[in-house]
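Listed below are the residues making up each chain.
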Amino acid sequence: HCPCPQRNSSFWGIPGEAQAQPGWIAYQAIGMAVRLIHMGKARGLVTGPISKENLWKADIRFSGHTEILEAFSRQFWGAPYQAEMLFQFNRFRML
């Protein structure tokens with residue numbers, strides 16, 4: 001069971017406007033994924049787009065996935081994280 005609010009809920013605010021709650025949920029979800037990897041319960045992480053505006057509305061001052069992952073890796077492993085990102089669209093792949 002997902003405790004997240006449903007899409008038609010008033011929780012999400014006005015469509016098209018940046019909101020703090022979705023930014024906070026995105027940040028917490030990435031953090032939980034990193035925790036699961038650290039605990040050995042997951043072996044990888046796949047993310048979709050996140051709204052930088054929503055992150056800022058939630059007072060999360062990272063510019064995106066890479067910086068968030070760097071911070072969580074320092075928290076769990078105590079060492080800087082060298083980001084390796086893979087972009088894939090159909091047959092186009094970029095690392």
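Predicted, not measured: the structure shown is a model, and the values here were computed from it.

A. Expanded view of the overall build of the chain. Within the chain, the regular secondary structure consists of three helices and two strands. A buried classification covers 22% of the 95 residues belonging to the chain. Counting only contacts in the chain whose residues sit at least 6 apart along the sequence, the fraction spanning at least 24 positions is 45%. For the chain, the accessible area works out to roughly 7400 Å², and carbon and sulfur atoms hold 56% of it.

B. The pattern of salt bridges, seen in detail. In the structure shown here, the tally under the stated rule is one salt bridge. A salt bridge links Asp59 to Arg61; the nearest nitrogen and oxygen atoms lie 3.3 Å apart. Asp59 sits in the exposed class, given a relative accessible area of 60%.

C. Quick peek at the packing of helix H1 (residues 20-38) against helix H3 (residues 65-77). For the pair H1 and H3, the least separation of the axes is 10 Å and the interaxial angle reads 40 degrees. What the angle tells us is that H1 and H3 run oblique. Like other packed secondary-structure pairs, H1 and H3 cross with a definite hand, here right-handed. Each of Tyr27, Ile30, Gly31, Val34, Arg35, Ile37 and His38 in H1 lies in contact with H3, whose residues at this interface are His65, Ile68, Leu69, Phe72, Phe76 and Trp77. A class-by-class count of the residues in the contact of H1 with H3 yields nine nonpolar, three polar and one charged.

What counts as what
Residues numbered from 1 in each chain as written. Predicted model: local features only at pLDDT ≥ 70, side-chain atom pairs only at ≥ 80, totals over all residues. Heavy atoms only, no water. Helix = DSSP H or I, 4+ residues; strand = E, 2+ residues; numbered from the N terminus. Buried < 20%, exposed > 50% of the residue type's maximum accessible area, 1.4 Å probe, protein only. Contact = heavy atoms within 4.5 Å. Areas by Shrake-Rupley, 256 points an atom, 1.4 Å probe, with all protein chains shown as cover. Salt bridge = Lys/Arg side-chain N within 4 Å of Asp/Glu carboxyl O. Axes fitted to C-alpha atoms, helices over the stretch in contact; angles between N-to-C directions. Parallel < 35°, antiparallel > 145°, perpendicular 65-115°, else oblique. Left-handed = near helix turned anticlockwise from the far one by under 90°. Nonpolar A, V, L, I, M, F, W, Y, C, P; charged D, E, K, R; others polar.

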